[in-house]
Protein chains: 2
Amino acid sequence: MHIAITGAAGFLGQRLVHQLLERGELNGQAIRQLTLIDQAEPPAIEREGVELRCLALDISEPGALEPLLEARPDVIYHLAAVVSSAAEADLDLGMRVNFDATRALLEGCRAHGLSGTRLVMASSVAAYGGELPEVLDDMTALHPQNSYGAQKAMGELLVNDYSRRGLVDGLVLRLPTIVIRPGRPNAAASSFASSILREPLNGEQAICPVPTELELFVMSPARVVEALVHGAEVPASALGDFRAFMLPGLTVSVAEMLDTLREVAGESALARVRHEPDARIEAIVGSWPARFSNERARQLGFRSDRNFGDIVQAFLSEVSR
Amino acid sequence: MHIAITGAAGFLGQRLVHQLLERGELNGQAIRQLTLIDQAEPPAIEREGVELRCLALDISEPGALEPLLEARPDVIYHLAAVVSSAAEADLDLGMRVNFDATRALLEGCRAHGLSGTRLVMASSVAAYGGELPEVLDDMTALHPQNSYGAQKAMGELLVNDYSRRGLVDGLVLRLPTIVIRPGRPNAAASSFASSILREPLNGEQAICPVPTELELFVMSPARVVEALVHGAEVPASALGDFRAFMLPGLTVSVAEMLDTLREVAGESALARVRHEPDARIEAIVGSWPARFSNERARQLGFRSDRNFGDIVQAFLSEVSR
Ligand SMILES: NC(=O)c1ccc[n+]([C@@H]2O[C@H](COP(=O)([O-])OP(=O)(O)OC[C@H]3O[C@@H](n4cnc5c(N)ncnc54)[C@H](O)[C@@H]3O)[C@@H](O)[C@H]2O)c1
Ligand SMILES: NC(=O)c1ccc[n+]([C@@H]2O[C@H](COP(=O)([O-])OP(=O)(O)OC[C@H]3O[C@@H](n4cnc5c(N)ncnc54)[C@H](O)[C@@H]3O)[C@@H](O)[C@H]2O)c1
């Protein structure tokens, strides 16, 4: 089993690499080869019996993906992406990385005859947008209101068409908002969703920029990685005629998140969250859908976190390790 | 008012040109300039006071659209396309013409600062596909099951994103099956839908390859052209956050079409239709949705044909002219 990962040095990429090495197998086959790709060379994690290649390359450069494709991986995880704020700030960059490189990867699979290779691409809840129904389902149209979401949605259509034509065996997973991300706050509009838990749990102050009624659709990092692994194992025969769907997240309000914080870490932790409304952030995050009926994903065996308490506990046990 | 049309030598392009010249104005402004583009030079139709440019060029060639863009048209109709069977047979050709050229057009509008230019693009019912609800609406997802539909859907996302960013003032109209097309049968899977009326009305034999229960979502050529004209006149302020929707066609079964044929032209005409089931055609056409709730389009003032009798009468009065 040879697995290639683009964006392997990123947040999810690194977790996926560790998870794969821990498992040692994918789809019942021992993992023998890992090809890790990112702009900067992904860190090497030596493991006996696993041939590791760590490549620093810009996947949006012409021909950049050749080393990956020539090695004919059984599974490709396509995680490299320019995230939403950057893609909104620089249309060309977003198009090049989020769309053109995805297309080049698909074309590469076609050129190399990798029709049996399972390509798992990460898409986003940001592909949804505009006026939406109360509860979204697998037939809800994608009307993205940001360039990142548009580029992901275009990539989805391509993965689907190339899969339908038998040129690759593709699957696109739309990820919910990932909570709790470890590390520091970042420029993402959703950064607060991790901050308001992570910082207080670490004894630090955090700012909540949105009303507590606001609902989010969230998934823990561990469940996302589990879904990526499962995405390589779902048999092609079980996939229908559209290979892109939303993963089953958990619908949770900011109030419930803060309740959980208090339950887990007490009033003092809760008191570290200052409420400072930020209309800009509320506008962006408030436009993301928070309620889904994820039939396709659940039928295919993808699972949500059980409850928000579990998400917080998982974070705590991770940081204490 | 300067109007540019790609695919101007095509079926709809030619009708649109004639309609525009007949009107003499668009959106309350006299038409002073027409730029017509197609692979072969579109026929010149001289009209006093209208400066006409007919250009033979392949819009998928780099820089091909410069002459059009430099002239800074107020309205661009983007009709040039590789149709479904050809795009399915040649993925590269379809991608190049249906998607890359659309992108180049949008990039050109951006580069030339044509933010106020109304771009009206023709998309297709073929962008829908897969398992669909009984009645589709503006929130039904696009899960195209052919490369043509996928390419159109990708183009839609781009038009929407460039419009959202204020780089152009775009609008995409998904066209129903056009009935009755004049001329000869062609390779399109939907060709029979015109044939089973046109040929008998002309005293010729026709083959009906599908069961008479099959429903189609149809629009007359005249109504489609009316919609294209209206598409240039709908104010940007009335367009929502997704500028792509299905035009209001008419839902009609093959049985109703044949009933209308008998009413209009008698039993002898009906007898000219031979029923020869063709599983391939049934599979393709049967997968196209036939029932829509077209709220967005109707609110914006787009109209359907009143009934199927009108469609047939319009064809008859046209051919007798
Ligand atoms: N909720 C969501 O919608 C959501 C959340 C998280 C992730 N995602 C998606 O999951 C994937 C992984 O996300 P993440 O959180 O790990 O993000 P991340 O930013 O940590 O990782 C992305 C990686 O891609 C790399 N990359 C970017 N451009 C590249 C290029 N041109 N060539 C090579 N590498 C390049 C970056 O260096 C980075 O390491 C992305 O595709 C992202 O869009 C979606
Ligand atoms: N029901 C439907 O879904 C439906 C029906 C009709 C038309 N449409 C769409 O409406 C538009 C017009 O359709 P039509 O029926 O007039 O088709 P058509 O084939 O008669 O016209 C298309 C024109 O585009 C031109 N063209 C193709 N490639 C070109 C290139 N590379 N450079 C320049 N010109 C090029 C062709 O020469 C042709 O004249 C198309 O975009 C089509 O996809 C959709």
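Since this is a predicted model, take the numbers as computed values, not measurements.

### Examining the UniProt feature "domain: NAD-dependent epimerase/dehydratase" (unreviewed entry) in chain A
- As annotated by UniProt and renumbered to match this structure, "domain: NAD-dependent epimerase/dehydratase" (unreviewed entry) occupies residues 3-204 of chain A.
- Its end C-alpha atoms 39 Å apart, residues 3-204 of chain A is made of 37% helix and 20% strand.

### What about unusual backbone geometry?
- At the junction of A:Val179 and A:Ile180, the peptide bond is cis and its omega measures out at 0° in the coordinates.
- The backbone phi angle of B:Asn27 is positive, close to 55°, even though this residue is not glycine.

### Side note on the sheet that holds strand S11 (residues 215-219) of chain B
All names here are of chain B.
- As summarised here, the arrangement of the three strands in space is S9-S11-S13, forming an open sheet in which the pairing is mixed. Every interior strand has two partners, whereas the edge strands, strand S9 (177-178) and strand S13 (250-253), have only one.
- Both S9 and S11 contribute to a ladder of two bridges, which runs parallel. Bridge pairing in S11 links isoleucine 178 to methionine 219.

### Let's talk about the pairing of strand S6 (residues 75-78) of chain B
All names here are of chain B.
- Every second residue of S6 is oriented toward a common face, with Val75 and Tyr77 on one face and Ile76 and His78 on the other, all of them buried.
- Judged from the four bridges that link them, strand S1 (residues 2-6) and S6 form a sheet pairing that is parallel. Bridge pairing links alanine 4 to isoleucine 76 in S6.
- Looking at chain direction, S6 and strand S7 (residues 118-124) are connected through four bridges and run parallel.

### Some words on the site of ligand 1
All names here are of chain A.
- Ligand 1 sits among 25 residues. The nearest are Asp38, Asp58, Ser124, Tyr148 and Pro176.
- The separation between an oxygen atom of ligand 1 and a polar main-chain atom of leucine 79 is 2.9 Å.
- Within the contact set of ligand 1, an oxygen atom lies 2.8 Å away from a side-chain nitrogen or oxygen of lysine 152.
- Protein contact buries 86% of the 830 Å² of open area that ligand 1 shows by itself.
- Put simply, the parts of the chain that give the shell around ligand 1 at least two residues each are helix H1 (11-23), strand S7 (118-124), helix H5 (147-164) and strand S9 (177-178).
- Classifying every residue of the shell around ligand 1 by side-chain character gives 15 nonpolar, six polar and four charged.

### Focus on the domain arrangement of chain A
All names here are of chain A.
- The assigned domain composition of chain A is domain 1 (2-176 + 219-246) and domain 2 (189-216 + 250-290 + 305-319).
- Centre-to-centre separation of domain 1 and domain 2, based on C-alpha positions: 28 Å.
- In this assembly, eight residues from domain 1 lie in contact with six residues from domain 2.
- Summing the contributions of domain 1 and of domain 2, the shared interface buries around 720 Å²; its carbon and sulfur component is 55%.
- The largest contributions to the domain 1 side of the interface with domain 2 come from Val125, Ser220 and Arg223, which together make up 43% of the buried area.
- There are one salt bridge connecting domain 1 and domain 2.
- Notably, a salt bridge pairs arginine 15 with glutamate 318, separated by 2.6 Å at the nearest N-O pair.
- Seen at the junction of domain 1 and domain 2, the total is two residue pairs in polar contact (both at pLDDT 80 or more).
- Its residues assigned to classes, the side of domain 1 that touches domain 2 comprises five nonpolar, one polar and two charged.

Scoring rules and cut-offs
Residues numbered from 1 in each chain as written. Chains lettered and ligands numbered in written order. Predicted model: local features only at pLDDT ≥ 70, side-chain atom pairs only at ≥ 80, totals over all residues. Heavy atoms only, no water. UniProt positions renumbered as here; feature names shortened; annotations may be inferred. Helix = DSSP H or I, 4+ residues; strand = E, 2+ residues; numbered from the N terminus. Pairing = 2+ DSSP bridges. Buried < 20%, exposed > 50% of the residue type's maximum accessible area, 1.4 Å probe, protein only. Near = heavy atom within 4 Å. Polar contact = N/O pair within 3.5 Å; in protein donor to acceptor, adjacent residues only side chain to side chain. Areas by Shrake-Rupley, 256 points an atom, 1.4 Å probe, with all protein chains shown as cover. Nonpolar A, V, L, I, M, F, W, Y, C, P; charged D, E, K, R; others polar. Domains from an automatic or database assignment. Contact = heavy atoms within 4.5 Å. Buried area = accessible area lost by both parts, 1.4 Å probe. Salt bridge = Lys/Arg side-chain N within 4 Å of Asp/Glu carboxyl O.

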